Amino acid sequence: QLQLVESGGGLVQPGGSLRLSCAASGFTLADYAIGWFRQAPGKEREGISCISSSDDSTRYADSVKGRFTISRDNAKNTGYLQMNSLKPEDTAVYYCNARIYRGTQGIWDYWGQGTQVTVSS
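Right, let's walk through the structure included here. (Residues numbered from 1 in each chain as written. Predicted model: local features only at pLDDT ≥ 70, side-chain atom pairs only at ≥ 80, totals over all residues. Heavy atoms only, no water.)

**Observations regarding the overall build of the protein**
The criterion, for reference: A run of H or I in DSSP counts as a helix once it spans at least four residues, and a run of E counts as a strand once it spans at least two, with each numbered from the N terminus. In this treatment the radius of gyration is a C-alpha quantity, and the globule benchmark scales as 2.2 Å times the residue count to the 0.38 power.
On a plain count of helices and strands, the protein comes out with zero helices and eleven strands. For the protein, the sequential pattern of α-helices and β-strands runs β-β-β-β-β-β-β-β-β-β-β. Taking 14 Å as the expected radius of gyration for a compact globule of 121 residues, we find that the protein reaches 14 Å, a close match to that expectation. With the C-alpha coordinates of the protein rotated into their principal frame, the extents come out at 50 × 30 × 25 Å.

Given below as structure tokens:
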């Protein structure tokens, strides 16, 4: 049974840091690209970062570039998002995504349940 579980969210002051984890079970995360998304109340879900399965190349949204770092530890079947210099506008529910290309079946996406990040004094 495929499952992704995010953890590491919480309350942090502006300028602080958090590390989010995305633990996979029931499948081999090394075969999947990993993405991190976030959604604030009243806003659409925003893609903020992703890392490839093949060469660990990374991409970042402009809103987090230079502050967030995505990584993966395939031996632990886990992805990470290191968040530094946090701002109040980073407040959102953060979601982990695992993506794989299945040929004729197309691209498949799997999602975690989300973890709340609140940046406030």
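**Some details on the sheet that holds strand E7 (residues 68-73)**
As a reminder of what qualifies: Strand pairing is defined by DSSP finding a minimum of two bridges between the two strands. Inter-axis angles, ranging from 0 to 180 degrees, are taken between N-to-C directions of lines fitted to C-alpha atoms, where helices are fitted over the stretch in contact.
One open sheet holds the four strands; their spatial order is E1-E3-E8-E7, and the pairing between them is antiparallel. Among the strands making up the open sheet, the edge pair consists of strand E1 (3-7) and E7. Taken over all neighbouring pairs, the strand axes of this sheet differ in orientation by 15 degrees on average, direction set aside. Looking at chain direction, E7 and strand E8 (residues 78-83) are connected through six bridges and run antiparallel. Paired with Thr69 across the two strands is Gln82, which belongs to E8.

**What to know about the layout of surface pockets**
Applicable threshold: The pocket and cavity definitions rest on a 1 Å grid over protein atoms only: a 1.4 Å probe that fits but cannot leave marks a cavity, an open set with protein on both sides within 12 Å along at least five of seven lines marks a pocket, and residues lining either have an atom within 4 Å of a point. Grid points are joined across faces, edges and corners, and a volume is the space filled by probe spheres set on the points.
Considering only enclosed or pocket space, the largest pocket measures out at about 260 Å³ in volume. Contributing to the lining of the largest pocket are 17 residues, with Ile34, Gly35, Ser49, Cys50 and Arg59 lying nearest its centre. The set of elements that each furnish at least two residues to the lining of the largest pocket consists of strand E4 (33-39), strand E5 (46-51), strand E6 (58-60) and strand E9 (92-101). At five residues, E5 tops the list of elements feeding residues into the lining of the largest pocket.

**Focus on the pairing of strand E11 (residues 115-119)**
Within a regular strand, side chains alternate between the sheet's two faces. Spelled out, the test is: Using a 1.4 Å probe on the protein chains alone, a residue whose accessible area is under 20% of its type maximum counts as buried, one over 50% counts as exposed, and one in between counts as partly exposed.
The alternating pattern of E11 places Thr115, Val117 and Val119 on a buried face, while none of Gln116 and Thr118, on the opposite face, is buried. Bridging between strand E2 (residues 10-12) and E11 involves three bridges; their strand directions are parallel. Each residue of the ladder has a partner; that of Val12, found in E11, is Val119. Where E9 meets E11, three bridges bridge the pair, whose relative direction is antiparallel. Paired with Ala92 across the two strands is Val117, which belongs to E11.

So yeah, pure geometry; function would need other evidence.
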